[in-house]
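# Structural characterization, general
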Amino acid sequence: MQRAFFYSSLMKLKLLPVCALVAISAFAASIPASGEINFIVDAGHPGAAINPAMWGIFFEDINFGADGGLYAEMVENRSFEFPDPMMGWIKISPSLAKGEISVRDEGSLTPANPHYLRVHSEGAAPFGICNTGFRGMGLNQNESYRFSVEIRGVAGAPALEAQLMAEDGSELDSTVLTNFGSGWQQRAFVFHPKASDWRGRLNILMNGKGTVDLDMVSLFPEHTWKDRPGGLRADMAQMLADLKPGFMRFPGGCIVEGSQLDRRYQWKNTLGPVGDRHLLINRWNYEFVHRPTPDYFQSFGLGFFEFFQLCEDIGAQPLPILNCGMACQFNSGELCPLDQLEPYIQDALDLIEFANGPETSLWGAKRAALGHREPFNMKMMGVGNEQWGHQYIERYAKFASALKKAHPEIMLVSDTGPSPDDERFQFLWPKLQELRADMVDQHCYANPRWFFENTHRYDNYDSNGPKVFMGEYAAQSAAVVSPKNRNTLECALAEAAYMIGLERNAAVVRMASYAPLFGNVDAWQWTPNLIWVDNHRIYGTPDYYAQQLFSRNRGDFVLPLAVENQTGTNLFASAARDDERKEIILKVVNAGSLPALVTIHLDNLPSRSRQAQAIIMTSAHATDENSFDQPRKVAPETVAIGKVKSKFHYSFRPNSLTVLRIGFERD
Ligand code: AHR
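Residues numbered from 1 in each chain as written. Predicted model: local features only at pLDDT ≥ 70, side-chain atom pairs only at ≥ 80, totals over all residues. Heavy atoms only, no water.

## What about the site of the ligand?
As a structural note, the neighbourhood of the ligand is formed by twelve residues, with Glu60, Cys254, Glu386, Tyr445 and Glu472 the closest of them. Between an oxygen atom of the ligand and a side-chain N or O atom of Glu60, the distance comes to 2.6 Å. At a separation of 2.9 Å, an oxygen atom of the ligand approaches a polar side-chain atom of Asn385. Burial of the ligand by the protein amounts to 99% of the accessible area it has alone, namely 280 Å². Residues belonging to the shell around the ligand are distributed by class as follows: six nonpolar, two polar and four charged. (Near = heavy atom within 4 Å. Polar contact = N/O pair within 3.5 Å; in protein donor to acceptor, adjacent residues only side chain to side chain. Areas by Shrake-Rupley, 256 points an atom, 1.4 Å probe, with all protein chains shown as cover. Nonpolar A, V, L, I, M, F, W, Y, C, P; charged D, E, K, R; others polar.)

Following this line, the structure appears as structure tokens:
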């Protein structure tokens with residue numbers, strides 16, 4: 001695994017020397033020596049249409065993104081399926097108590113997750129177990145929590161006391177359960193903690209002599225996203241909704257591939273009752289030797305149905321990514337032989353039917369049975385994550401031929417490996433052009449300088465060739481995959497400058513998403529991340545607000561923008577037109593440390609003066625970040641400008657991303 005980490009890091013670092021060679025003399029100055037800087041916008045001659053789904057999100061269960069994160073279950077290892085079945089649990093056995101616990105699997109609740117816990121007590125004193133949650137349970141006195149457990153009575157007539165406990169050992173609420181039958185039966189209770197505690201836990205104590213079996217021990221906030229029982233953490237889902245993402249790529253990432261094929265993500269195993277979703281070790285559990293997370297597993301409580309449902313909730317087009325018969329090439333690189341790919345391709349065909357098929361179809365009926373009779377209207381699907389080599393091309397070609405034959409309406413997303421310009425990319429990109437791929441995913445993790453230096457990357461791409469999906473990118477402040485990476489303003493500005501280049505090339509680049517999405521401050525493997533959480537708090541990074549500024553100020557068409565006298569500045573700009581709001585949108589990054597005074601010319605607009613406003617994200621230092629204590633230290637603020645004429649001056653603040661919105665209706 002250590003080797004895997006170093007391999008991964010080195011391959012990605014290949015980007016850096018190229019970037020480092022480019023001297024950034026321009027970065028030293030902000031006021032041009034050569035005269036007035038002009039931005040000349042031709043508002044009358046719109047260029048390429050910008051994809052309404054241009055700015056999206058990429059979700060992967062990394063950094064406790066799903067289990068311990070967006071999936072709101074608070075009990076860790078609720079069904080005793082971890083290889084160490086008591087991980088997450090502590091035996092409570094005071095000195096007077098006499099009892100024993102044992103993990104068993106005969107007569108299990110469900111074959112998918114066969115283990116359960118047998119608790120036997122002699123009754124001399126309360127005896128039982130405690131769950132410590134995902135780095136403690138975040139319990140809020142203003143919220144209620146639904147506790148449930150599957151119980152089977154075995155001997156005697158004991159009582160079970162379930163207690164919500166604070167870190168200091170005080171009880172926050174409790175209930176007593178009695179009368180257990182000889183078959184599995186779910187019992188439930190809603191807790192109302194009398195105080196808040198962010199390192200809470202759940203005790204289950206047996207009083208009296210007897211024996212019971214326990215499984216699927218669960219605790220959920222009652223208030224989840226859309227208040228769905230067993231649903232998603234409301235604050236985390238809300239942060240996603242607030243981005244107004246055009247699409248959601250899911251479930252990975254390397255998660256899709258698995259370190260070996262039998263650990264790949266299989267969507268069919270993520271449907272139906274949660275007890276039937278077979279637990280899998282999370283590949284990020286062991287991927288990085290410097291950040292091991294031995295208690296990281298995938299319960300799939302956030303599965304494919306929940307993914308489609310969330311997409312629908314937040315208005316994002318679903319972009320599922322499927323394994324193409326290749327395990328992660330940073331790990332085993334295990335291949336499914338070409339003549340045995342049929343089940344993988346069938347999974348893809350079945351997923352299309354699950355998402356879009358009529359209720360009368362096999363998989364459409366399963367969707368309807370889960371509560372969604374209407375199709376999800378899925379329009380695209382990804383084949384593989386960061387695959388490379390002829391092995392990928394051979395497998396992609398087989399998928400494409402079968403999927404296009406059955407579903408020409410589904411746009412296929414292929415990939416070009418983990419880097420945007422290494423030898424793997426150089427091999428794959430022309431091959432995918434030859435295959436006339438619909439859309440090709442490109443990934444880039446590099447230092448901020450790379451992003452500033454590559455804003456023209458797509459200027460010479462052939463707009464008749466495959467479309468580009470920038471599926472994963474993030475500026476790395478220290479080094480690629482370094483645990484020292486921070487979500488600084490500088491990183492966000494570098495990404496924004498790059499996104500300006502993506503927007504200018506909207507005919508070629510049709511979609512883009514930052515990566516990764518979530519990081520739990522107490523359990524992360526990868527940094528930087530777009531949004532940081534702990535078990536009860538959340539904040540968006542400057543990168544988050546940059547993404548939000550782009551997605552909320554997308555525009556419908558690119559407008560030609562000529563820039564004069566930009567040499568010697570750190571300015572990056574694009575222009576677009578929002579036809580519904582009748583506004584010109586200018587996006588400008590000033591990555592310099594001095595203000596940049598620009599004369600803006602709005603050519604070919606009907607009205608003489610227009611209302612304008614600026615939405616500005618900046619901070620005193622390029623190294624500034626957000627935190628739980630200062631969640632909006634670096635965040636956009638809206639400033640009214642009033643009426644402007646077709647030529648006006650604007651001073652772009654140092655270290656800033658500014659969105660100017662200028663109305664163009666006749667006043
Ligand atoms: O975003 C983290 C990882 O980076 C993704 O799983 C993978 O696709 C990339 O290498």
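## Re the packing of helix 6 (residues 342–356) against helix 8 (residues 389–406)
At a closest axis distance of 10 Å, the pairing of helix 6 and helix 8 adopts a crossing angle of 30°. The orientation of helix 6 with respect to helix 8, classified from their angle, is roughly parallel. Handedness of the crossing formed by helix 6 with helix 8: right-handed. Packed against helix 6, whose contacting residues are Tyr344, Ile345, Ala348, Leu349 and Ile352, the element helix 8 presents Lys398, Phe399, Ala402, Leu403 and Ala406 at the interface. A class-by-class count of the residues in the contact of helix 6 with helix 8 yields nine nonpolar, no polar and one charged. (Axes fitted to C-alpha atoms, helices over the stretch in contact; angles between N-to-C directions. Helix = DSSP H or I, 4+ residues; strand = E, 2+ residues; numbered from the N terminus. Parallel < 35°, antiparallel > 145°, perpendicular 65-115°, else oblique. Left-handed = near helix turned anticlockwise from the far one by under 90°. Contact = heavy atoms within 4.5 Å.)

## A few points about helix 3 (residues 234–242)
Taken as a whole, helix 3 has its buried residues at Ala234, Met236, Ala237, Met239, Leu240 and Ala241. Looking at the packing, one finds that the buried side of helix 3 touches strand 2 (55–58), helix 5 (304–314), strand 23 (518–520), strand 24 (531–533), strand 25 (538–540) and helix 12 (542–552). After helix 3 finishes, the residue Lys244 shows a positive phi value of roughly 50°. (Buried < 20%, exposed > 50% of the residue type's maximum accessible area, 1.4 Å probe, protein only.)

## Details of unusual backbone geometry
At the junction of Phe250 and Pro251, the peptide bond is cis and its omega measures out at 5° in the coordinates. Its location among the elements puts Pro251 in the loop between strand 14 (247–250) and helix 4 (254–257). In this structure, Asn377 is a non-glycine residue whose phi angle is positive, near 60°. Take Asn377: it is sitting in the loop between helix 7 (362–369) and strand 18 (380–383). Of note, the phi angle at Asn655 is positive, near 45°, even though the residue is not glycine. Within the secondary structure layout, Asn655 lies in the loop between strand 33 (647–652) and strand 34 (656–663).

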